[in-house]
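# Understanding the architecture of this molecule
As a plain string of letters, each chain reads:
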Amino acid sequence: MSLTIYDQPLNSRLLIGSALYPSPEVMKQAIIASGAQVVTLSLKRQNPAALAGETIWRYIRECVARTKGFLLPNTAGCKTAKEAVTLAKMSREIFATDWIKLEVIGDDYNLQPDPFELLSAAETLLQDGFKVLPYCTDDLVLCQRLYDLGCQVIMPWASPIGTGKGLMNPYNLETIRLRLPDATLILDAGIGKPSDACLAMEMGYDAILLNSAVALADNPVQMARAFAQGIEAGSQAYVAGIMQPRQTAHPSTPTLDTPFWHQPGGQ
Ligand SMILES: CC(=O)[C@@H](O)[C@H](O)COP(=O)(O)O
């Protein structure tokens, strides 16, 4: 089963960022190796008029063309709903997409999203026809409100951007999954290693968005492959049905009369 974002089926459950790589060429190779079809980029951070920005964009467009993928502009660096809405509208024109990764930062220390400004910006953008992918904290009520507004995709954080700390609050993340069974849930930010991503997929998350863990690896291309495999493993494990942990030991070596475990009601 493939990932679907606002009715768009995708081959990969990994969405990847385009910042912090040692060079544009390494970025391109890493994105291709990751298999990600969605690449996020920031209009604010990369000035299209500047030569450096132009080069990065060319590389990103090449990656997306190669994977038959999609650009996901983001509003990284915005601190108010007004600023984020303005940037989203500019991004829609420049990148010719109505997808927007909505990021409104409320605290400079841990780059924590501002839930109030985020909700307000999401409402405005949805009314304007955007397909909003909000980056938010792992707060169930906030996620519920965003979903009720019409955000089909919700992207709670694993931990603050760029920390690589992995899943800070597994209980919160599991609860969000449980309570919003129909939302497309993408875990975004703070993923440090493939096992973090695998864990979220085992919880039933639909996809992972990450950047730093690949871009800052000693070998970003190899790390991109490792993430692709970790995400695939977690996704398959979730679908396969993970066994319930048990309090007591059970021998796993078959005894003479019970070579197979019979589930109640099974054949
Ligand atoms: C690229 C992007 O959108 C980041 O804001 C995103 O949240 C990734 O975070 P990490 O760099 O921690 O993976």
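Residues numbered from 1 in each chain as written. Predicted model: local features only at pLDDT ≥ 70, side-chain atom pairs only at ≥ 80, totals over all residues.

### A few points about the overall build of the chain
Counting its regular elements, the chain contains nine helices and 12 strands. Since a compact globule built from 267 residues should have a radius of gyration of about 18 Å, the 20 Å found for the chain is in line with a globular shape. In terms of overall dimensions, the chain has C-alpha extents of about 75 × 40 × 35 Å along its principal axes. Within the span of the chain, comprising 267 residues, buried residues form 43% of the whole. (Helix = DSSP H or I, 4+ residues; strand = E, 2+ residues; numbered from the N terminus. Rg over C-alpha atoms; globule rule 2.2 N^0.38 Å. Buried ≥ 20, exposed ≤ 12 C-beta atoms within 10 Å, placed from the backbone.)

### Quick word on the site of the ligand
Close contacts around the ligand come from 18 residues, with Gly-17, Ala-189, Leu-210, Asn-211 and Ser-212 the closest. Of all elements in the fold, only strand 12 (207–210) and helix 8 (212–215) reach the threshold of two or more residues within the shell around the ligand. (Near = placed C-beta within 6 Å.)

### Describing the pairing of strand 4 (residues 38–42)
Of all five residues in strand 4, four are buried, a share of seventy percent or more. One ladder, built from three bridges, connects strand 3 (residues 14–17) with strand 4; its direction is parallel. Across the sheet, Ile-16 pairs through a bridge with Val-39, a residue of strand 4. Summarising the sheet, strand 4 and strand 5 (residues 70–74) pair through five bridges and their orientation is parallel. Considered in strand 5, the bridge of Val-38 is made with Phe-70. (Pairing = 2+ DSSP bridges.)

### Topic: unusual backbone geometry
Trans peptide bonds make up most of the peptide bonds, and negative phi angles are found at most residues other than glycine. Residue Asp-7 is not a glycine yet carries a positive backbone phi of 70 degrees. The residue Asp-7 is located in the loop between strand 1 (3–5) and strand 2 (8–10) in this model. With a phi angle near 55 degrees, Ala-96 is a residue other than glycine that sits in the positive phi range. Within the fold, Ala-96 resides in the loop between helix 3 (81–95) and strand 6 (99–102).

### Let's talk about the environment of Ala-19
Position of Ala-19 among the secondary structure elements: in the loop between strand 3 and helix 1 (24–34). Through-space distance from the C-alpha of Ala-19 to that of Leu-216 is 9.7 Å; in sequence the pair is 197 residues apart.

### Digging into helix 1
For an α-helix, the turn length of 3.6 residues means that residues three or four places apart are oriented alike. Of the residues making up helix 1, those classed as buried are Met-27, Lys-28, Ala-30, Ile-31 and Ser-34. Angularly, the buried residues of helix 1 cover 165 degrees about the axis, an arc narrow enough to put them on a single face. Once helix 1 finishes, Gly-35 follows within two positions and takes phi at roughly 75 degrees, a positive value. (Arc of directions from axis to C-beta.)

### Section: the UniProt feature "binding site: 1-deoxy-D-xylulose 5-phosphate" (unreviewed entry) in the chain
The UniProt record annotates "binding site: 1-deoxy-D-xylulose 5-phosphate" (unreviewed entry) at Gly-162, Ala-189, Gly-190, Asn-211 and Ser-212. These residues run over 51 residues, yet every pair of their C-alpha atoms falls within 8.8 Å of each other. Position of Ala-189 among the secondary structure elements: in the loop between strand 11 (184–188) and helix 7 (194–202). Setting aside its immediate chain neighbours within four residues, Ala-189 contacts Tyr-135, Trp-157, Ala-158, Pro-160 and Ile-161. With respect to the element layout, Ser-212 can be found in helix 8. Given 18 C-beta atoms within 10 Å, Ser-212 falls into the partly exposed group. Beyond its immediate stretch of four places on either side in the chain, Ser-212 contacts Leu-20, Gly-162 and Gly-164. (UniProt positions renumbered as here; feature names shortened; annotations may be inferred. Contact = placed C-beta atoms within 7 Å.)

### A short note on the packing of helix 3 against helix 4 (residues 115–127)
Angle between the axes and distance between the axes: these two values describe a pair of packed helices. One way to put it is that helix 3 packs onto helix 4 with a least axis distance of 8 Å and a crossing angle of 35 degrees. The interaxial crossing formed by helix 3 with helix 4 has right-handed handedness. Residues Ala-81, Ala-84, Val-85 and Ala-88 of helix 3 form the contact with helix 4, whose participating residues are Glu-117, Ser-120, Ala-121, Thr-124 and Leu-125. (Axes fitted to C-alpha atoms, helices over the stretch in contact; angles between N-to-C directions. Left-handed = near helix turned anticlockwise from the far one by under 90°.)

### Some details on the environment of Gln-29
Locating Gln-29 in the fold gives a position in helix 1. Gln-29 sits 208 residues away from Ala-237 along the chain, and the two C-alpha atoms are 28 Å apart.

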